[in-house]
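Given next are the chains, with one letter for each unit.
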Amino acid sequence: MITKEVWLICIMLSTSLATTINVSRFPKDFMFGTATASYQVEGGWNEDGKGENIWDEVTHRVPSPIVDNSTGDVACDSYHKYKEDVAMLKHLRVNHYRFSLSWSRILPTGFNNKINPIGIAYYKNLIKELRDNNIEPLVTIFHWDTPQPLENLGGWTNELIIDRFVDYAKVVFENFGDDITYWLTFNEPRQTCSQGYGSKQKAPLVDSPGIGEYLCAHNVLKAHAKAWHLYDEKFRNVQKGKVGMAIDTAWFEPDTNSTEDVDAAERLQQFNHGWYARPLTIGDYPEQMKKVIAERSALQGFSQSRLPQFTQDEIKYLKDTLDYLGLNYYTTNMALDADDKRIDVISYDADAEVNTYQKDEWPKSSSSWLRVVPWGLRKTLNWIKNTYGDIPIIITENGISEDGSSLEDETRVNYYQQHLSSVKDAIDDGVNVFGFTAWSLMDNFEWLRGYTEHFGLYHVDFASPDRTRTPKESVEYFKNVIQYGCVLGNSTCDN
Ligand code: PNW
């Protein structure tokens, strides 16, 4: 452990070196919180009537596709230890906790023919524990754990799932809605669709590049809009909540100031963020996507574009269905117009016709895709405002991984200090950002990377049956940021 004095010197040093740290205080009502997701922390995979989901199925395969052959069968055991989790949140003095509901814990078959009362009770208890401790629950309805019976029918590539998702959303609005102000329908649909159905990087490991991933997105977008309309018509008056979506993107910085590279960076941001946010704000897919995918599909011999089309009625129905926007931001990439258009390759990735890379000088993390580029967050937030208008935004995820070897996680403290400073810069630029959520409250099951990448403020001992939680140094820092609204982690920010 490092002493308080050394700690202070470290913080002062890091701020004096990084001259760009914004030391103006956050607004009083700014929401600070942390996040997790059901499959990554809960465990209890087959307890008390829970049904099987796609992550149960994938992690139980032999040979295992998970790097360390691990599963989320127990994970952080939050199914039994949620009171400890809330005590940690209380220690941090967060305003909110973002967690997700396990669809198969609530509806074991995925369908609404059978509601699991013990699953409902688990989340009611968690929400009550949060409310009793003055912590606002921010609830993600779907964070990647599709019920297996629905996956067997094609999952998100079969439009059948739209109404099944809406059935599920109705059950959760009815059961929890009186206590929830902030709903998120989906977490990072791009990862669900492109990694789940376009490449084998996430469950269900379906390899349908350039086709399955677009079908998936089309159904996700319709399911979101239908759930939003259901809430708007049946629940909003009484429950007074807001329904948004957590959409992830990296920032894409043009490699040169040539028109080609500037357009390429913008096109890739439209492929990443616009793919989901544009239909739900302005209406319809981004023009760049429609054009390039139609052209490539024709050259590839398809009779129609691989990007499905919305009808005029659907465009209207989807438009303006985000009460607020969740942004998951981790990193930045340099973008350049692809010389080689790779017409022979059928994939969302190739469709964008953009090459990317990360600079060697950007500090690394334990995740191959994640280098530390704080200014990308400010640029992303400004881009969102300039693209969709003045929508309220909450950062629903931001964080960095390490290898878990030490509780002295200065890299995380620096990462948060620099990214919070970048958020404050964006607020000062006039972007309507009302909250920040650190990923993650604690180390957890990092999907195909198992337990090898550690994103937690709290360390979790996965070798111990107790799944003992221990604060890392970043806990003290984040707690002080919250207390003082000051990225310096003390009281000295300007008012
Ligand atoms: C998020 N990228 O995924 C997920 O929402 C979390 O469940 C996950 O644990 C966390 O990030 C850390 O990986 C992302 O390549 C994965 O830009 C990759 C990217 C973004 C988000």
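Thresholds applied
Residues numbered from 1 in each chain as written. Predicted model: local features only at pLDDT ≥ 70, side-chain atom pairs only at ≥ 80, totals over all residues. Heavy atoms only, no water. 1 Å grid on protein atoms, 1.4 Å probe; cavity = no way out; pocket = protein on both sides within 12 Å on 5 of 7 lines; lining within 4 Å. Points joined across faces, edges and corners; volume = space filled by probe spheres on them. Helix = DSSP H or I, 4+ residues; strand = E, 2+ residues; numbered from the N terminus. Nonpolar A, V, L, I, M, F, W, Y, C, P; charged D, E, K, R; others polar. Near = heavy atom within 4 Å. Areas by Shrake-Rupley, 256 points an atom, 1.4 Å probe, with all protein chains shown as cover. pLDDT = per-residue confidence, 0-100. Contact = heavy atoms within 4.5 Å. Polar contact = N/O pair within 3.5 Å; in protein donor to acceptor, adjacent residues only side chain to side chain. Salt bridge = Lys/Arg side-chain N within 4 Å of Asp/Glu carboxyl O. Bend = angle between axes of the 7 residues up to and from the residue. Buried < 20%, exposed > 50% of the residue type's maximum accessible area, 1.4 Å probe, protein only. Pairing = 2+ DSSP bridges. Axes fitted to C-alpha atoms, helices over the stretch in contact; angles between N-to-C directions. Core = buried A, V, L, I, M, F, W, Y, C linked by side-chain atoms within 4.5 Å. Disulfide = S-S within 2.5 Å. Phe/Tyr/Trp six-rings, centres within 6.5 Å; stacked < 30°, edge-to-face > 60°. Lys NZ or Arg CZ within 6 Å of the ring centre and 35° of its normal. Expected span 1.5 Å × (residues − 1).

1. Thoughts on the layout of surface pockets
Here the largest pocket is characterised by a volume of approximately 1,200 Å³. Forming the walls of the largest pocket are 45 residues, and the residues nearest its centre are Arg190, Gln191, Gln195, Gln201 and Trp369. Mapped onto the lining of the largest pocket, the elements with two or more residues apiece are α9 (189-196), α11 (259-281), α14 (348-351) and β9 (354-357). Of all the elements, α9 adds the most residues to the lining of the largest pocket, at four residues. The residue inventory of the lining of the largest pocket, partitioned by class, reads 14 nonpolar, 20 polar and 11 charged.

2. Details of the site of the ligand
Taken together, 14 residues are adjacent to the ligand, and Gln40, His143, Glu188, Glu397 and Glu446 come closest. Notes on the ligand: free accessible area 460 Å², of which the protein chains cover 91%.

3. A look at the confidence of the model for the protein
Per-residue pLDDT for the protein has a mean of 96; in total, 96% of the residues score no lower than 70. This stretch, residues 8-18, has a pLDDT under 50; its non-local contacts, to residues over four places away or in other chains, come to nine contacts.

4. Concerning the side chain of Ser24
With respect to the helices, strands and loops of the structure, Ser24 is situated in the loop between α1 (4-17) and β1 (31-35). At 2.7 Å, the side chain of Ser24 and the side chain of Asn22 are in polar contact. There is a polar contact of 2.9 Å between the side chain of Ser24 and the side chain of Lys424. Excluding residues within four positions of it along the chain, Ser24 makes contact with Lys424, Asp428, Cys493 and Asp494.

5. With respect to the pattern of salt bridges
Across all of its chains, the model carries 34 salt bridges by this definition. Measuring nitrogen to oxygen at the nearest pair gives 2.7 Å for the salt bridge that ties Lys290 to Asp284. Counted as one network, the salt bridges with shared partners bring together Glu402, Asp409, Arg412, Asp443 and Lys472.

6. Overview of helix α10 (residues 212-239)
If you look at α10, its biggest bend is around 50°, right at Glu233. Taking burial as the measure, the 28 residues of α10 include 21 buried ones, the bulk of the element. A positive backbone phi angle near 55° is found at Lys240, which sits one or two residues after α10.

7. So, the sheet that holds strand β11 (residues 433-439)
One closed barrel accounts for eight strands, arranged β1-β2-β3-β4-β5-β7-β10-β11; its pairing is parallel. Strand-to-strand, the axes of this sheet are offset by a mean angle of 25°, without reference to chain direction. Bridge analysis of strand β5 (residues 242-248) against strand β7 (residues 325-328) gives four bridges, and the strand direction is parallel. Across the sheet, the residue bridging to Ile247 is Leu327, located in β7. Across the sheet, α10 is in contact with β4 (182-187) and β5; its angle to β5 comes to roughly 160°. Set on the sheet, helix α16 (residues 410-429) makes contact with β1, β10 (393-397) and β11; between it and β11 the angle comes to about 165°.

8. A few points about the nonpolar core
Core analysis: the biggest nonpolar cluster contains 146 residues, and Trp156 and Trp183 have the highest contact counts within it. Looking at this core, the element that brings in the most residues is α10, giving 12 residues. Excluding residues within four positions of it along the chain, Trp183 makes contact with Leu101, Val139, Ile141, Val172, Phe173, Phe176, Gly177, Tyr231, Lys242, Val243, Gly244 and Tyr324. The next biggest cluster of nonpolar side chains, apart from the first, holds eight residues, and it includes Leu138, Tyr182, Leu184 and Ala246.

9. Things to note about the state of the cysteines
What we call a disulfide is simply a covalent bond connecting the sulfur atoms of a pair of cysteines. Tallying each qualifying case throughout the model produces two disulfides. One disulfide in the model links Cys193 with Cys216; its S-S distance is 2.0 Å. Looking down the S-S bond of the Cys193 and Cys216 bridge, the torsion is -70°, so its handedness is left-handed. Of the two residues, Cys193 is situated in helix α9 and Cys216 in helix α10; the sequence distance between them amounts to 23 residues. Assessed through its relative accessible area of 0%, Cys193 is described here as buried. Among the cysteines of the protein that take part in disulfides, numbered as they appear in the sequence, the pairing is 1-2, 3-4.

10. With respect to empty space enclosed by the protein
Across all of its chains, the model carries three cavities of 30 Å³ or more by this definition. Around the largest cavity, the lining is made up of 13 residues, and of these Val41, Tyr97, Phe99, Tyr122 and Leu126 lie nearest the centre. Taken together, the elements giving at least two residues each to the lining of the largest cavity come down to α2 (38-41), α4 (78-92), β2 (96-100) and α6 (117-132). Class assignment for the residues of the lining of the largest cavity results in seven nonpolar, four polar and two charged.

11. As for the packing of aromatic side chains
A complete count under the given rule lists 48 aromatic pairs for this structure. A ring pair is formed by Phe32 and Phe478, whose centres lie 6.4 Å apart and whose planes are at 90°; its orientation type is edge-to-face. Of this pair, Phe32 sits in strand β1 while Phe478 sits in helix α17 (residues 473-484), and the two are 446 residues apart along the sequence. Residues Phe32 and Phe478 agree in their burial class; the two are buried. With a centroid separation of 5.9 Å and an interplanar angle of 35°, the aromatic rings of Tyr416 and Phe478 are classed as tilted. One end of the pair, Tyr416, is in helix α16; the other, Phe478, is in helix α17, with 62 residues separating them in the sequence. Looking at Tyr416, the relative accessible area reads 0%, which means it is buried. What links up through ring pairs into an aromatic cluster is the set Phe26, Phe30, Phe32, Tyr415, Tyr416, Phe436 and Phe478. A cation sits over an aromatic face here: Arg105 above Tyr79, 4.1 Å from the ring centre.

12. Observations regarding α17
An ideal rise of 1.5 Å per residue puts 16 Å on 12 residues; α17 measures up with 17 Å between its terminal C-alpha atoms. Along α17, nine of the 12 residues are buried, which leaves the element largely enclosed by surrounding structure. Where α17 is concerned, the buried positions are Glu473, Ser474, Val475, Tyr477, Phe478, Lys479, Asn480, Val481 and Ile482.

13. A closer look at unusual backbone geometry
Omega for the peptide link from Val62 to Pro63 comes to -5°, which places this bond in the cis form. Relative to the helices and strands, Pro63 is located in the loop between α3 (54-59) and α4. Following Trp439, the chain continues into Ser440 via a peptide bond in cis, with omega recorded as 20°. Examined against the element boundaries, Ser440 turns out to sit in the loop between β11 and β12 (458-460). A positive phi angle, near 65°, is found at Asn134, a position not held by glycine. Owing to a relative accessible area of 69%, Asn134 belongs among the exposed residues under this scheme. The phi dihedral of Glu188 is positive, around 40°, even though this residue is not glycine. Among the structural elements, Glu188 can be located in the loop between β4 and α9. Judged by its relative accessible area of 7%, Glu188 falls in the buried class.

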